[in-house]
Amino acid sequence: MIAGFIAIYVLSNFLESARPPLPENYADQDLAVQGNKLKGFTLGLDGLIADWYWMQSLQYIGGKLVNSETEQINLEDLKPLNPRLLYPLLDNATTLDPHFMTVYSYGAVVLPAIDREQAIKLIEKGIANNPEEWQLYHNLGYIYWRTKDYRKASETYEKGAAVKNAPPFMRLMAARMKTEGGSRETARVIYGQLFEQAPDDQTREIARLRLLQLDSLDEREAVRATLQQFREKNNRCANSWSEIFPLLKSVKLPGGKDFRIDKSNNLVDPTDAPYILDKANCDINLDRAKSKIPPDIK
């Protein structure tokens, strides 16, 4: 027995040292089993296995984000992370449990940044299996809004508004998509709703950052106008933020919010990172090295 253990130890070390390097995308190999092939062979554990696929999808995206070498991740475009297994994982979870609403909601928020058609396919699958769930119409309307297809977004919200027990919010969004689909206020309503109904921490964090981004856009727009006002009056750009603070006191931000100033007398963004005063262009910029505000939506 002792000789056997020694042989196993030596052999294991040899195999580890002689193992060929694995390709970088080894962790992203195709799933061995599809959900539709598992149904009927799980001994009544469909829900439990669906939960496992759901947890795998969260860990999968979390790992991609943590291991990314990109300093600033664009939440609107996750394709550089190559998360190609996310849809198969979510598809398996919803095949085993067609009423797994959390998975559909998560897919609606994250999948559009990877593959718009996969996102639509997943939510349409959810609607087919859960036609009385108005949240799925909200998810689908969000996807169309995000891709600036305001006509389809409006039509989707109208269908959702007709579902039993759908909140007035759905009919409001159907009308708003027709008139001001691309407005900042519409975005604030949508991300506010997503934040309140977020089924998981990742979705809630995405919605939270987008809401902070909207606040930052309002702030930067107001500061640019103030810098222009200062330049016209003084024939030069401000040398520091403190020079325009008196002017900013009279500026009203949406929602009654106030500008933030840190202990060093810097104007800071909603994530408490100092804004950069671009004196050459008399402009205001985010500090990409410090700010958590995502890249602006184009």
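Refer to the structure printed above.
What comes next concerns the included structure. Every residue gets a number counted from 1 within its own chain, in the order that chain's sequence is written. Totals for whole chains, interfaces and linings use every residue, but because this is a predicted model, local features are given only for residues with pLDDT of at least 70 and side-chain atom pairs only at 80 or more, for both listing and counting. Each side-chain value is worked out from all heavy atoms of the structure, with water and hydrogens disregarded.

Some remarks on the side chain of Gln213
Phase 1: Comment: elements are numbered from the N terminus, with helices defined as DSSP H or I runs of at least four residues and strands as E runs of at least two. Within the secondary structure layout, Gln213 lies in helix 11 (residues 201–234).
Phase 2: Side-chain polar atoms of Gln213 contact the backbone oxygen of Pro294, separated by 3.2 Å. What qualifies as a polar contact is a pair of N or O atoms within 3.5 Å, subject to a donor-acceptor requirement within protein and to the restriction that residues adjacent in sequence count only when both atoms come from side chains.

Looking at the pattern of salt bridges
Phase 1: A carboxyl oxygen of Asp or Glu within 4 Å of a side-chain nitrogen of Lys or Arg is what we treat as a salt bridge. Using the criterion set out here, one finds 17 salt bridges in the structure.
Phase 2: For the salt bridge of Arg176 with Glu180, the shortest nitrogen-to-oxygen distance reads 3.5 Å. You can see Arg176 and its partner Glu180 sitting in helix 9 (residues 168–180), four residues apart, about one turn around the helix.
Phase 3: Only protein chains enter the area calculation, which uses a 1.4 Å probe; residues under 20% of their type maximum are buried, those over 50% are exposed, and those in between are partly exposed. Classification of Glu180 by relative accessible area gives partly exposed; the value is 33%.
Phase 4: Here Lys257 ties to Asp215 by a salt bridge, and the two come within 2.8 Å at their closest N and O atoms. Taken as a pair, Lys257 in the loop between helix 12 (245–248) and strand 1 (260–261) and Asp215 in helix 11 lie far apart in primary sequence, 42 residues in all.
Phase 5: Each member of the salt-bridge network shares a partner with another, and the members are Arg184, Glu185, Arg188, Asp215, Asp218, Glu221 and Lys257.

Overview of the state of the cysteines
Phase 1: A pair of cysteine sulfur atoms is labelled a disulfide when the two atoms are within 2.5 Å. Applying the stated criterion across every chain yields a total of one disulfide.
Phase 2: Sulfur-sulfur distance for the disulfide between Cys237 and Cys282 comes to 2.5 Å. The sign of the S-S torsion, about 90°, decides the handedness of the disulfide formed by Cys237 and Cys282: right-handed. Separated by 45 residues along the polypeptide, Cys237 in the loop between helix 11 and helix 12 and Cys282 in the loop between strand 3 (276–278) and strand 4 (283–285) bring together distant segments of the chain.
Phase 3: Look at Cys237 and you get buried, because its relative accessible area is 12%.
Phase 4: Assessed through its relative accessible area of 8%, Cys282 is described here as buried.

Thoughts on the nonpolar core
Phase 1: Counting residues in each nonpolar core, the largest one holds 55 residues, and the members touching the most others are Leu86 and Tyr157.
Phase 2: With eight residues, the top contributor of residues to this core is helix 7 (residues 134–146).
Phase 3: Apart from residues lying up to four places away in sequence, Tyr157 is in contact with His138, Gly141, Tyr142, Phe169, Met170, Met173, Ala174, Met177 and Ile190. Joining through side-chain atoms within 4.5 Å is the link that ties buried Ala, Val, Leu, Ile, Met, Phe, Trp, Tyr and Cys residues into a set, and such a set is a nonpolar core. Every residue pair with non-hydrogen atoms within 4.5 Å of one another is taken to be in contact.

Brief notes about the packing of helix 5 (residues 101–110) against helix 11
The geometry of a pair of packed helices is captured by two quantities: the angle between their axes and the separation between those axes.
Phase 1: All axes are obtained by fitting lines to C-alpha atoms, using only the stretch in contact for helices, and the reported angles, taken between N-to-C directions, cover 0 to 180 degrees. Taken N-terminus to C-terminus, the directions of helix 5 and helix 11 make an angle of 40°; their axes are 10 Å apart at the nearest point. The angle between the axes of helix 5 and helix 11 places the two elements in the oblique class. At the point where helix 5 passes helix 11, the crossing takes the left-handed sense. Side by side, helix 5 and helix 11 meet where Tyr106, Val109 and Val110 of the first sit next to Gln202, Thr203 and Ile206 of the second.
Phase 2: Gly falls in the polar group here, along with every residue not listed as nonpolar (Ala, Val, Leu, Ile, Met, Phe, Trp, Tyr, Cys, Pro) or charged (Asp, Glu, Lys, Arg). A breakdown of the residues in the contact of helix 5 with helix 11 according to their chemical character gives four nonpolar, two polar and no charged. An angle below 35 degrees is treated as roughly parallel, one above 145 as roughly antiparallel, one from 65 to 115 as roughly perpendicular, and anything else as oblique. Handedness of a crossing is defined here by the sense of rotation of the near helix relative to the far one, left-handed for an anticlockwise turn of less than a right angle and right-handed for a clockwise turn.

Overview of the packing of aromatic side chains
Phase 1: Pairs were defined over the aromatic rings of Phe, Tyr and Trp, the Trp ring being its six-membered one, requiring ring centres within 6.5 Å. Orientation was assigned from the angle between planes: stacked under 30 degrees, edge-to-face over 60, tilted for the rest. Applying the stated rule across the entire model yields seven aromatic pairs.
Phase 2: Taking the centre distance of 5.9 Å and the plane angle of 35° together, the rings of Tyr142 and Trp145 count as tilted. In this pair, Tyr142 and Trp145 are both assigned in helix 7, three residues apart and thus about one turn of the helix distant.
Phase 3: Pairing Tyr157 with Phe169 gives two aromatic rings, centres 6.4 Å apart and planes at 90°, and the pair type is edge-to-face. A residue pair is termed long-range when its members are at least 10 positions apart, and Tyr157 in helix 8 (residues 150–161) and Phe169 in helix 9 qualify at 12 residues. For the pair Tyr157 and Phe169, a shared accessibility class is recorded, and that class is buried.
Phase 4: Taken together, the ring pairs connect Trp54, Phe100 and Tyr106 into an aromatic cluster.

So, the packing of helix 10 (residues 184–197) against helix 11
Phase 1: Interaxial distance between helix 10 and helix 11 falls to 8 Å at its minimum, and their mutual angle equals 155°. Compared by their axis directions, helix 10 and helix 11 come out roughly antiparallel. The crossing of helix 10 and helix 11 is left-handed. Taking contact as the criterion, the partners of Arg184, Ala187, Arg188, Tyr191, Gly192, Leu194 and Phe195 in helix 10 are, on helix 11, Arg204, Ala207, Arg208, Arg210, Leu211, Leu214, Asp215, Leu217, Asp218 and Glu221.
Phase 2: Classifying every residue of the contact of helix 10 with helix 11 by side-chain character gives eight nonpolar, one polar and eight charged.

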